[in-house]
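Topology and contacts: notes
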Amino acid sequence: MSKILVIAEHLDGKLNSSTARAVSAAIAVKGEVIDVLVLADSVDAIATEAAKINGVSRVLTVARSENAHALAAVLAPQIAKTAAGYSHVFVPSTTFGKDVAPRVAALLGVAQVSDVMSVEGTHTFRRPIYAGNAIITVEADAAHTVVATIRSASWGAAATGTGSAPIEALTVDVALPTHTRFVELKQGSSDRPDLQSASKVVSGGRGVGSKENFDIIFKFADRIGAAVGASRAAVDAGYVPSDLQVGQTGKIIAPELYVAIGISGAIQHLTGIKDAGTIVAINKDGEAPIFEVADFGLVGDLFKLIPELEAQLR
Amino acid sequence: MKILVGYKRVVDYNVRIQVKSDGTGVVTDGVKLSANPFDDIALEEALRLREKGVAEEVIVVGIGPADLTAHLRNGLAMGANRAIHVLTADATQPLTAARVFLKLIEKEQPGLVILGKQAIDDDANQTGQMLAALWDRPQATFASKVEIAGDKATVTREVDAGLEVIEAALPAVITTDLRLNEPRFIKLPDIMKAKSKPIETIEFGSLDVEAHDHLKTTHYAAPAKRSKGVMVKDAAELVAALKQKGLL
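Residues numbered from 1 in each chain as written. Chains lettered and ligands numbered in written order. Predicted model: local features only at pLDDT ≥ 70, side-chain atom pairs only at ≥ 80, totals over all residues. Heavy atoms only, no water.

Turning our attention to the packing of aromatic side chains. Residue and element names in this part refer to chain A. Applying the stated criterion to the full structure yields three aromatic pairs over all chains. Relative to Tyr239, the ring of Phe214 lies with its centre 6.4 Å away and its plane at 50°, an arrangement referred to as tilted. Here Phe214, found in the loop between β14 (200-204) and α5 (215-224), pairs with Tyr239, found in the loop between α6 (232-236) and β16 (257-261); they are 25 residues apart in sequence, far enough to count as distant. The exposure class assigned to Phe214 is buried, which follows from its relative accessible area of 0%. Taken together, the ring pairs connect Phe214, Phe218 and Tyr239 into an aromatic cluster. (Phe/Tyr/Trp six-rings, centres within 6.5 Å; stacked < 30°, edge-to-face > 60°. Helix = DSSP H or I, 4+ residues; strand = E, 2+ residues; numbered from the N terminus. Buried < 20%, exposed > 50% of the residue type's maximum accessible area, 1.4 Å probe, protein only.)

Put into structure tokens, the structure is as follows:
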């Protein structure tokens, strides 16, 4: 019998949708019990939201002032202690979950399955390696608790609304370390959508030619409400900072629309966009590899074509 | 202060990964191998801390077969003082790697351990966090800025919501993100110099580390392929096509 503990991710008193996605994976395991654990300083609003997710058995809360910020070193001992009696601990594979879950696994003395894409059985999962260029099937040891992170892009959020799980406050008797201190969170202040989570992304490559020329990419992205990305070649050439880099060593993204402008399509870039809904490529070289993966390709000079696209959108 | 740096060898990021047709693995024969890019960033950060006078010694650590020595020489050529080669023919899962590092920590007593946030082969993103848990010390993952003052590290972390700053008491584990620095290129004279730097070889078996793998990979598959789409003739046709799909 599978008893699954899902760790809630939240910020500013609101539940992150990654939590309901992790619940979907727990439902796929056919867990008889799916409990959501909320660790926060003020738990009520978050727990109320979590209780509405369909399929959730109980919402467990641990309200402590130390839980005001998601410090892995502070949360992990509480999660590890609560995990006793559960067969699985699922955590969203976001920077929150990637930070805390391995610390929980190590405290439990078990391995972790990272980035679960699909559930094949109670202890069998599929996950990507080599930036998604290979998909492996892994079997976890059934004698131990399974700690796994759930790849958000692979799972829809479990529906909310009809659920009304009971909320229970827990007291977790465990010593918490004081060696790590939260200082501040600087949230992105840009008016542009965040590259990692945007539904539309416009990226520029070496073909854009210079830092100054990159303005045309920013303007076009603003015109269609898209985030801006770049190829490694454009970053290496100094056109844009490296936080805009899309690809194996940059960000791996899955927007609904991806527009690659002046990007030839090096393998390391393509691995970062494989899960995009629709890929558009604009390049002056009709032989560029980017056209092999593009849903729509347009061959020509980007400095002529982008103004034409903007004119069409007016 | 000593800094321990994890220095893993992986299939080069420019190699097109091929899954073997029988599903038993990916093709690695004759494929170019390089340092894990995030580990190059980890080593670069350690070298900069030494150049600032924060650290005296930088030690690169590799876990792998006998021919890993050549890879560790690259780390020495980049500037590490010495290398530790934990010799094993088997692939090492993150929990085992973390247990190995803990043994080396007991021996070397570093003030800081810097690892890549993930290796670009298994993409696990676990070893640093697991090590910090086993060591019962702070972790600062996905670092894009590191400042050391006295016995504290102030680390800026790249998180989904933006940039988070935390303060960690030393010793601590830091894992690197892409923005932390740009690793230096190795110069020819440094390659010559590296030849005389020490590499200590430690048999994995002598470390008394539990090597039980809880995870078994039973099958490898190629990802679902994207099919080639259509070429449009001009901007008007492209906009019309995207509007039809509800994307504009």
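This part takes up the interface of chain B and chain A. On the chain A side, the residues contacting the 75 residues of chain B number 84 residues. With both chains or domains summed, chain B and chain A bury close to 6800 Å², and 58% of this area falls on carbon and sulfur atoms. If you look at where chain B meets chain A, you find five salt bridges. Notably, a salt bridge pairs B:Arg226 with A:Asp295, separated by 2.8 Å at the nearest N-O pair. Between the two partners, chain B and chain A, sit 39 residue pairs in polar contact (both at pLDDT 80 or more). Counting residues per element, the side of chain B that touches chain A draws most heavily on strand β9 (residues 162-169) of chain B, at eight residues. The pairing of strand β13 (residues 180-187) of chain A with β9(B) spans seven bridges and is antiparallel. Within β9(B), the residue paired with A:Phe182 across the bridge is B:Ile166. (Contact = heavy atoms within 4.5 Å. Buried area = accessible area lost by both parts, 1.4 Å probe. Salt bridge = Lys/Arg side-chain N within 4 Å of Asp/Glu carboxyl O. Polar contact = N/O pair within 3.5 Å; in protein donor to acceptor, adjacent residues only side chain to side chain. Pairing = 2+ DSSP bridges.)

What follows covers the pairing of strand β9 (residues 124-129) of chain A. All names here are of chain A. Most of β9 sits out of view: five of its six residues are buried. Where strand β8 (residues 118-121) meets β9, three bridges bridge the pair, whose relative direction is antiparallel. By the bridge assignment for β9, Gly121 is matched with Thr124. Linking β8 back to β9 in an antiparallel pair, the connection comprises two residues. For β9 and strand β10 (residues 134-140), the ladder comprises six bridges, and the chain directions are antiparallel. Residue pairing across strands places Arg127 opposite Ile136, the latter belonging to β10.

Residue and element names in this part refer to chain A. Once the domains are mapped, chain A shows domain 1 (3-169) and domain 2 (200-313). Here the C-alpha centre of domain 2 lies 34 Å away from the C-alpha centre of domain 1. At the interface, six residues of domain 1 touch six residues of domain 2. Of the roughly 430 Å² buried between domain 1 and domain 2, counting both surfaces, carbon and sulfur atoms make up 45%. Three residues, Ala131, Asn133 and Arg151, lead the burial of domain 1 against domain 2; their summed loss comes to 77% of the area buried on that side. Taken together, domain 1 and domain 2 are joined by one salt bridge. (Domains from an automatic or database assignment.)

Strand order in this open sheet of 10 strands is β13(A)-β9(B)-β8(B)-β7(B)-β10(B)-β6(B)-β1(B)-β4(B)-β5(B)-β11(B), and the pairing throughout is mixed. Of all strands in the sheet, those with a lone pairing partner are β13 of chain A together with β11 (199-203) of chain B, marking the two edges. Sheet twist, expressed as the average angle between the axes of neighbouring strands with direction ignored, equals 30°. Sheet contacts for helix α4 (residues 95-108) of chain A: β7 (139-149) and β8 (152-159) of chain B; angle to β7(B), the most-contacted strand, approximately 85°. The strands that helix α4 (residues 127-135) of chain B touches are β6 (112-116), β7 and β10 (172-176) of chain B; relative to β10(B), the one it contacts most, it runs at about 175°. (Axes fitted to C-alpha atoms, helices over the stretch in contact; angles between N-to-C directions.)

Take the environment of B:Leu87 next. Residues and elements named next belong to chain B. With respect to the helices and strands, Leu87 occurs in strand β5 (residues 82-87). On the basis of relative accessibility, which here comes to 22%, the residue Leu87 falls in the partly exposed class. Between the C-alpha atoms of Leu87 and Ile186, which are 99 residues apart in sequence, the distance is 25 Å. Apart from the residues within four sequence positions on either side, Leu87 is in contact with Gly64, Pro65, Ala66, Thr201, Ile202, Glu203 and Phe204.

Side-chain pairs of opposite charge can arise where the charged atoms are in close proximity. Enumeration according to the criterion identifies 31 salt bridges over all chains in this entry. Note that A:Arg181 is salt-bridged to B:Glu167, the shortest N-O span being 3.1 Å. Taken as a pair, A:Arg181 in strand β13 and B:Glu167 in strand β9 lie in two separate chains rather than in one. The partly exposed category is assigned to A:Arg181, whose relative accessible area is 44%.

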